[in-house]
Every structure is written in C-alpha cells, then in structure tokens.
Amino acid sequence: MSLELGIFDSFDLAHGSVGELLDDRFRFAQEVEQLGFAHYHVTEHHGTPLSVVPSPNLFVAALSRITSTLRIGTLVNVLPAYEPFRLAEEIATLDQLSHGRLDFGVGPGVSPLELGILGVQGDQARAIYEETLTAVTTALRTGRMKHRGTLLRDYDAALSVLPVQSPYPQLWYASGSAATAEWAASNGINFVTRWENGRVAEVGNTFWTTWEKHRADEDRLNPITGRPRLGISSPVVIAGSRAEAEDVFHRASDLFQQRILHLWHENDDHRLDGVFSAEKLLAKGNAFVGTADSVRDEIVAQIEASGINYLELSIIFGDIGLAEATATARAVADHVAPAAREAAQKTLSLRGVPVA
C-alpha cells in the first residue's frame, strides 16, 4: 500500500456565485481523479463564510455521480450536529451511491460558536460525539440502531438501507494530539494531523507503535484490511518561482483567514487572531509553498521524519481559481508524488511497518 494523495476542501467563497464555485469544484475533482489522487474530502461548517456548502453530504452525493475511482467523503461530519438514526441511513445511502467509495470522517466539531447555532453546548459536544459514534457504527454494522441513550434518546429500529462496505465505510479522524492518535491507531482509524514544527514525528511514532500492538484486535472500531492512513494536512501552492508561489499563497491565505475568523469576530472574540496567518503557517512548516522541486524536497523531508503514508492537500482555497489549483495539482502528481511515494516506502520499511 503506497502513499496516497488526497484533497481537502472547505468551500470558502472568494468570488462569483455559490453555483459557480460548485461547478468549479466538480471540474477540479474530475481533474485530480485523472491525475491519480485517491481521496477528495470536504469539511463541515455552519453559519460562516468559511464554507458555503454547510451540508457536505449533499456535495458528496453529487460527486459520487461524476467520479469513479476517487474515495469521497467528509473530514469530518460533525456528529453532534446530526440526528443519529438519520445520519446512519444517510451514510449507508452515500456508500451505495458511490458504489463503496465513501470515507466517513467523524469528529465533535472544533467551533463552539457553530455548535451553539445548532443548540449544542460546547461542554457536551465530546460526549454527544462519542455516544453518536457508538450508535451510528453499531447500527451500520448490525442493520439496527438499538441504543439506550444518555445524552441521546433511546432507539430501537432497523435501518432502511445498509452500506456497501463491511461493516461500514472507513473511518477518518483529524487532530494534532498524540493521545488522539493513539486512540485512532488502536482502532485502525485513518488519522490526519499537521506538521507543527516537527511535532508530527511524535504523533507518527505513537501511531505506528500503537497500531502494531493492536492491529490483530477483533474489537477495533475500524477493522480495515491492511494498515490505516497516517497523513499530514497542508495547503500547497506550486509556481514557477518561490516568490510567485508565496504571492499566491499570501493572497489566498489572507482571505481564508478572514473566513475562519468571521464568526469569532462577529461575537467580539479575537483569541484566534493571527493563528491562521500565512506567516504562522509557513513558520511552522504547515504549508508547502514554492517550486515543484522545493515542495518535493520539503514533503520528502516531512515524510522521512514522520512516517506518514498519506498527504491531505488543500490546493483550492481562498481566491485560488480553478486554473491555478489545477496547475498545482498537476505539479504535485507529476513532480512530487513519485519521490514522496518512494520516501514513504523506504521510511515505513525502516520503521518495520508492514506493507500489507
């Protein structure tokens, strides 16, 4: 199982209409599928211009009709935002629509302001997420949601549809925590994190050590065949020179940062100011920006330090248009991916991580 490439998309609107954005995203997804990308993941946000597609599963459903090899899904579905029984049936339906290509990203949500819009108290989000995850995965596995509720209500009903994948679509989780990486690895769950000045090396060591210890466990939450994906999530901009790439990145990142902070500023909360700035991302190594050669070398170095086997790349964001994004995606596929795959294979072999 070699290193795979994936796309992360948050649907922040820069110009044009929402319909035009969606049309461009569909064209972009088809393009990256032809280039050999393996996954297309979308995010979920509410009440903020950070995403003009607040119902990500609708986009995934449409994407299932125009792609054939991409694995598609959310990273993540914010589980406290859903009615659990309906979500279980929706996930099963999406897996049927995509003929078994659905990735099921799960999480409690990162913004208490967004959760508040949906009537979820921030201090209950984690517990609701955990209970919903148990209820939904059990229902998808057995065909029946039979659940005695704590924060949820009681359920005892059969699903009207089951997923193609058994026992359910592959689970994904995103976090920067080594403790969460340990939980994900022990359950065989695909895990995406950030470089964060090299802290991902600790996460990688924890992940693979824990996975090796538990990979034969029969009660894993995500009983996949083979090893899970351990990935780095990062924006990437490739251009003819580093200066040109940095100009594009700063321009797009500044707008993206405005989208992230919009809801916080509406609530007169400035705690996150500067956290997502272009300068901070570059300083932490959380963005790949430069020529094809320099980006290739930086990605290879991060792979060798961390032991990842997956790249979750934000290529179309801010005011980056379809043409610019496609050019970067082609550069990644043609000039970066071969070296990245070779580095991942060697690094994982040295760490004793089995290929199968």
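That block above? That's the structure.
Computed from a prediction, not measured in an experiment: that's the story for all the values here. (Residues numbered from 1 in each chain as written. Predicted model: local features only at pLDDT ≥ 70, side-chain atom pairs only at ≥ 80, totals over all residues. Heavy atoms only, no water.)

## Some points on the packing of aromatic side chains
Just so we agree on the cut-off: Two rings from Phe, Tyr or Trp (for Trp, the six-membered ring) form a pair when their centres sit within 6.5 Å of each other. Planes less than 30 degrees apart are called stacked, planes more than 60 degrees apart edge-to-face, and all others tilted. Numbering of helices and strands starts at the N terminus; helices are DSSP runs of H or I of at least 4 residues and strands are runs of E of at least 2. Burial classes: relative accessible area under 20% of the type maximum marks a residue as buried, over 50% as exposed, and values in between as partly exposed (1.4 Å probe, protein chains only).
Counted by the stated rule, this structure contains 13 aromatic pairs. For the pair Phe11 and Phe59, a centre-to-centre distance of 4.8 Å together with 65° between the ring planes defines the contact as edge-to-face. On the criterion of sequence distance, the pair formed by Phe11 in the loop between strand S1 (4–9) and helix H1 (18–34) and Phe59 in helix H2 (residues 56–66) is long-range, its members being 48 residues apart. Assigned by exposure class, Phe11 and Phe59 land together as buried. Taken together, the ring pairs connect Phe11, Phe26, Phe28, Tyr40 and Phe59 into an aromatic cluster.

## What about the side chain of Ser234?
Short version of the rule: As used in this structure description, the phrase polar contact means that two N or O atoms lie within 3.5 Å; if the pair is within protein, one of them must be able to donate a hydrogen and the other to accept it, and residues adjacent in sequence are counted only when both atoms belong to side chains. Two residues qualify as a contact provided that any one of their heavy atoms is within 4.5 Å of a heavy atom in the partner residue.
Mapped onto the secondary structure, Ser234 falls in strand S9 (residues 230–238). Judged by relative accessible area, which is 1%, Ser234 ranks as buried. Among the polar contacts made by the side chain of Ser234, one reaches the main-chain carbonyl oxygen of Asn286 at a distance of 3.1 Å. Those residues in contact with Ser234 that sit more than four places away from it in its chain are Arg194, Asn286, Ala287, Phe288, Glu312, Leu313 and Ser314.

## Observations regarding helix H6 (residues 178–186)
Turning to H6, its buried residues are Thr180, Ala181, Ala184, Ala185 and Ser186. Summarising the contacts, the buried residues of H6 are in contact with strand S7 (170–174), strand S8 (190–193) and helix H7 (200–214). With a side-chain oxygen lying 3.2 Å from the backbone nitrogen of Ala179, the N-terminal cap of H6 falls on Ser177.

## Focus on H1
Using the following cut-off: Any helix carries an expected span of 1.5 Å times its number of residues minus one. Picture the helix axis, draw a direction to every C-beta atom, and the arc is the one those directions span.
With 17 residues, H1 should cover 24 Å at 1.5 Å per step; its first-to-last C-alpha distance of 25 Å lies within 8% of that length. Those residues of H1 that sit buried are Leu21, Arg25, Phe28, Ala29, Val32 and Glu33. End-on view of H1: buried residues confined to an arc of 130°, all on one side of the axis. Those residues of H1 hidden inside the fold are in contact with S1, strand S2 (39–42), H2 and helix H11 (322–350). One or two positions beyond H1, positive phi appears at Gly36, with a value near 100°.

## Thoughts on the nonpolar core
Here is the rule: To define a nonpolar core, start from buried Ala, Val, Leu, Ile, Met, Phe, Trp, Tyr and Cys residues and group those joined through side-chain atoms within 4.5 Å.
The biggest cluster of nonpolar side chains holds 96 residues, and the ones touching the most others in it are Phe28, Phe37, Tyr40 and Ile315. The biggest single contributor to this core is H11, with 11 residues. When near neighbours in sequence (up to four residues on either side) are disregarded, Tyr40 contacts Ile7, Asp9, Arg25, Phe28, Ala29, Val32, Phe59, Leu63, Leu70, Arg71, Ile72 and Gly73.

## Section: the environment of Leu5
Tracing the backbone shows Leu5 in strand S1. With 119 residues separating them along the chain, Leu5 and Gln124 place their C-alpha atoms 34 Å apart. Other than its neighbours up to four places away in sequence, Leu5 contacts Phe37, Ala38, His39, Tyr310, Leu311, Val332, Ala337 and Arg341.

## Some thoughts on unusual backbone geometry
One can expect most non-glycine residues to show negative phi and most peptide bonds to be in trans. With an omega dihedral of 15°, the bond running from Leu75 to Val76 counts as a cis peptide bond. Secondary-structure assignment places Val76 in strand S3 (residues 71–78). Positive phi, normally seen in glycine, also occurs at Asp268, with a value near 55°. Mapped onto the secondary structure, Asp268 falls in the loop between helix H8 (242–266) and helix H9 (278–283). Judged by its relative accessible area of 63%, Asp268 falls in the exposed class.

## Here we look at the pattern of salt bridges
Side chains bearing opposite charge may pair, as long as their charged atoms lie close to each other. As a reminder of what qualifies: For salt bridges, the criterion is a side-chain nitrogen of Lys or Arg within 4 Å of an Asp or Glu carboxyl oxygen.
Applying the stated criterion across every chain, the model contains 18 salt bridges. Put simply, Arg242 and Glu246 hold a salt bridge, and the shortest N to O gap is 2.9 Å. Separated by four residues within a single helix, Arg242 and Glu246 lie in helix H8, roughly one turn from each other. Its relative accessible area of 40% is what places Arg242 among the partly exposed residues. Residue classification places Glu246 among the partly exposed positions, given a relative accessible area of 26%. A salt bridge links Arg296 to Asp293; the nearest nitrogen and oxygen atoms lie 3.2 Å apart. Taken as a pair, Arg296 and Asp293 lie in helix H10 (residues 292–306) at a separation of three residues, close to a single helical turn. Among the residues examined, Arg296 registers a relative accessible area of 26% and is labelled partly exposed. A residue is classified by how much of its surface remains accessible, and Asp293, at 44% relative accessible area, is partly exposed.

## Observations concerning the pairing of S7
Test applied: The rule for pairing is simple: two strands pair if DSSP sees at least two bridges between them. Every crossover in which the path from the first strand over the helix to the second runs clockwise, viewed with the strands pointing away from the viewer, is termed right-handed.
With three bridges joining them, strand S4 (residues 102–107) and S7 adopt parallel strand pairing. Across the sheet, residue Asp103 finds its bridge partner in S7, namely Gln170. With three bridges connecting them, S7 and S8 associate as parallel partners. Opposite Ala174, over in S8, you have Val192 as the bridge partner. Since S7 and S8 lie parallel, the crossover through H6 that links them has a hand, and here it is right-handed.

## Side note on the packing of helix H3 (residues 84–97) against helix H5 (residues 125–142)
Rule in force here: Every axis in this analysis is a line fitted to C-alpha atoms, fitted for helices over the stretch in contact. Angles between the N-to-C directions lie between 0 and 180 degrees. The cut-offs work like this: below 35 degrees is roughly parallel, past 145 is roughly antiparallel, 65 to 115 is roughly perpendicular, and the gaps in between are oblique. By convention the crossing between two helices is left-handed if the near helix lies anticlockwise of the far one by an angle smaller than a right angle, and right-handed if it lies clockwise. Each residue receives one of three labels: charged for Asp, Glu, Lys and Arg, nonpolar for Ala, Val, Leu, Ile, Met, Phe, Trp, Tyr, Cys and Pro, and polar for the others, Gly being one of them.
Look at H3 against H5: their axes get within 9 Å of each other, and the N-to-C directions meet at 45°. Taken as axis vectors, H3 and H5 run oblique relative to one another. In this structure, the crossing between H3 and H5 has a hand that is right-handed. Counted together, Pro84, Leu87, Ala88, Ile91 and Ala92 of H3 and Thr132, Val136, Ala139 and Leu140 of H5 form the full contact between these two elements. A class-by-class count of the residues in the contact of H3 with H5 yields eight nonpolar, one polar and no charged.

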